[in-house]
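Below are the chains, spelled out letter by letter.
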Amino acid sequence: MLDIKNLRVNLEAKMLESDKVIIVPHRRADFDAIASSIGIAMFADKLKKESHILINDQIYDMDHGVQNIIAEAKDIYPTINVETYRKIEGPNDLFVLTDVNKQGLIHLDGISKDKKRLVIIDHHNKDDETLDAVLEHIDTSASSASEIIANLLFNAKIKINPEVANYLLAGILLDTNKLSKNVTSETMKIVSKLFESGANMTTASNYFTEDFNSDRRVQELVNTTRFLNYTVAIIMGEENTEYTREELAKAADYLLRYRIDASYAIGSIGNDTVSISARSKDIIDVGSVMQELDGGGSLHSGATKLEGITVEEAGKRLMKVIFPPHIRNQETN
Ligand SMILES: [Mn+2]
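Residues numbered from 1 in each chain as written. Predicted model: local features only at pLDDT ≥ 70, side-chain atom pairs only at ≥ 80, totals over all residues.

A.B. asks: Describe the pairing of strand β9 (residues 262-270), and please don't skip the residues or the numbers.
C.D. replies: Summarising burial for β9: 7 of the 9 residues are buried, a large majority. Bridge count for strand β8 (residues 232-236) against β9 is 5 bridges, and the pairing is parallel. The partner of methionine 236 across the bridge, within β9, is isoleucine 266. Considered for its hand, the β-α-β crossover made up of β8, helix α10 (residues 245-255) and β9 is right-handed. With antiparallel pairing between neighbouring strands as the criterion, β9 and strand β10 (residues 273-280) make up a hairpin whose turn holds 2 residues, including asparagine 271 at a positive phi of roughly 55°. (Buried ≥ 20, exposed ≤ 12 C-beta atoms within 10 Å, placed from the backbone. Helix = DSSP H or I, 4+ residues; strand = E, 2+ residues; numbered from the N terminus. Pairing = 2+ DSSP bridges. Right-handed = clockwise from strand over helix to strand, strands pointing away.)

A.B. asks: Account for unusual backbone geometry, naming residues and giving values.
C.D. replies: Backbone geometry at arginine 28 places phi at a positive 50°, although glycine is not the residue there. With respect to the secondary-structure elements, arginine 28 resides in the loop between β1 (20-25) and α2 (31-46). Not every positive phi belongs to a glycine, and asparagine 177 is a case in point at roughly 45°. Turning to its location among the elements, asparagine 177 is positioned in the loop between α6 (162-175) and α7 (185-196).

A.B. asks: Run through the nonpolar core, naming residues and quoting values.
C.D. replies: In this structure, Val96, Val119, Leu168 and Leu169 are the most contacted members of the largest nonpolar core, which totals 62 residues. Per-element accounting of this core gives the leading share, 10 residues, to α2. Those residues within four positions of leucine 169 in sequence are excluded, and the remaining contacts are Val191, Leu194, Ala199 and Ala204. (Core = buried A, V, L, I, M, F, W, Y, C linked by C-beta atoms within 7 Å. Contact = placed C-beta atoms within 7 Å.)

A.B. asks: How would you explain α7 if you had to name every residue and give the values?
C.D. replies: Under the 1.5 Å per step criterion, the end-to-end length of α7 is 17 Å for 12 residues, consistent within 8% with the ideal 16 Å. The inward-facing, buried residues of α7 abut α5 (145-155) and α6. Two residues or fewer after α7 comes glycine 198, characterised by a positive phi angle close to 110°. (Expected span 1.5 Å × (residues − 1).)

A.B. asks: Outline the domain arrangement of the chain, supporting the account with residue identities and numerical values.
C.D. replies: Interfaces are often sized by the amount of accessible area the parts lose when they come together. Domains assigned within the chain are domain 1 (4-206) and domain 2 (213-327). Each of domain 1 and domain 2 has a C-alpha centre, and the two are 32 Å apart. Contacts between the two partners involve 4 residues from domain 1 and, on the opposite side, 4 residues from domain 2. Of the residues assigned to the side of domain 1 that touches domain 2, the class counts are 1 nonpolar, 1 polar and 2 charged. (Domains from an automatic or database assignment. Nonpolar A, V, L, I, M, F, W, Y, C, P; charged D, E, K, R; others polar.)

A.B. asks: Account for the sheet that holds strand β11 (residues 296-297), naming residues and giving values.
C.D. replies: A sheet is described by the order of its strands in space; here 6 strands give the open sequence β7-β8-β9-β10-β12-β11, paired in mixed fashion. In the strand order of this sheet, the two ends are held by β7 (226-228) and β11, each with one partner. Across 7 bridges, β10 lies against strand β12 (residues 301-307) in antiparallel orientation. Bridging from a neighbouring strand, arginine 279 pairs with serine 301 of β12. With respect to the sheet, α10 is in contact with β8, β9, β10 and β12, its orientation differing from that of β10 by roughly 30°. (Axes fitted to C-alpha atoms, helices over the stretch in contact; angles between N-to-C directions.)

A.B. asks: Can you explain the packing of α2 against α5? Please cite residues and give values.
C.D. replies: Packing of α2 against α5 brings their axes to within 8 Å, and their N-to-C directions diverge by 20°. When the axis of α2 is compared with that of α5, the two are roughly parallel. Seen from above, α2 lies across α5 with left-handed handedness. Residues Asp32, Ala33, Ala35, Ser36, Gly39, Ile40, Met42 and Phe43 of α2 form the contact with α5, whose own contacting residues are Ala145, Ser146, Ile149, Ala150, Leu152 and Leu153. The residue inventory of the contact of α2 with α5, partitioned by class, reads 10 nonpolar, 3 polar and 1 charged. (Parallel < 35°, antiparallel > 145°, perpendicular 65-115°, else oblique. Left-handed = near helix turned anticlockwise from the far one by under 90°.)

A.B. asks: Explain the environment of phenylalanine 227 to me, using residue names and the numbers behind them.
C.D. replies: By the element assignment, phenylalanine 227 lies in strand β7. Distance in space between the C-alpha atoms of phenylalanine 227 and lysine 74 is 44 Å, their sequence separation being 153 residues.

A.B. asks: Tell me about the environment of asparagine 101, and please be specific about residues and values.
C.D. replies: By the element assignment, asparagine 101 lies in the loop between β4 (93-98) and β5 (118-122). Owing to 23 C-beta atoms within 10 Å, asparagine 101 belongs among the buried residues under this scheme. As a C-alpha pair, asparagine 101 and lysine 126 span 25 residues in sequence and 7.2 Å in three-dimensional space. If near-sequence neighbours (up to four positions away) are discounted, asparagine 101 is found in contact with Ile120, Asp122, His124, Lys126, Thr130, Leu131 and Ile138.

Printed below as a string of structure tokens:
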């Protein structure tokens, strides 16, 4: 792995020989992904290089704190979606992936074909699916991509304003669970320098606070919980209330704090569509349950969308999958 100075020198060279820089965070960008993206945009600005942050998520698919950062920063660091990028794309664009190193986790297809135009800056482990890049800086000892990018900006002597310092601090706070894990002395040095640049814990932590109305909808969902068969809990939202997928996911997450193996949250997400969010501890593979309902996921987390169906009908379809006919009617309350 390159040290930070070599990363800076090589990244400058790559940016300077490209026409524009396309910054690509992972899908469902979180604080670390968006903050490190904004930091890379600052780095490109210093070189007077046009840059764009590529975000293709629906706004409701992102945490509302991330939405706030995107909205706050949009005049200086606007995001573009894939469709808009396709209109301005050129053969000499440089792609800089941040907080991600795999094709499957980003929105831009076909990026693997162009290794010469690809830079990866990340803190996640590499595996077989890691993309080949002309310049790669994957530092798994770093707490976060935000830590790496803040270090890069300090190394380049780029002045970080208090707003961006707070975004980067929020990125570090997210990936260290508020400085309680994955923290090294290097992390703390960077945090200290971000403080010197005007960041503070109150402002950065405030990005994590829940939106009151959204949190109330999550609690209302949780209130509808029925515990089935002592191993599975199910939430069914009101037929006429629209929820976000994030709210359904949070409600399903919440139930895992009880003694169950899996939870499912079903609710309308508008446009005649019902979404199911599923969570599991270990025993039940909720990804495969969701697959049987035309969705997908992993052992611990899955989801699906069903069109032209009511919440109640979606619940019945789910029950048929999780309780095949011979063991049905085991509801406990
Ligand atoms: Mn991260």
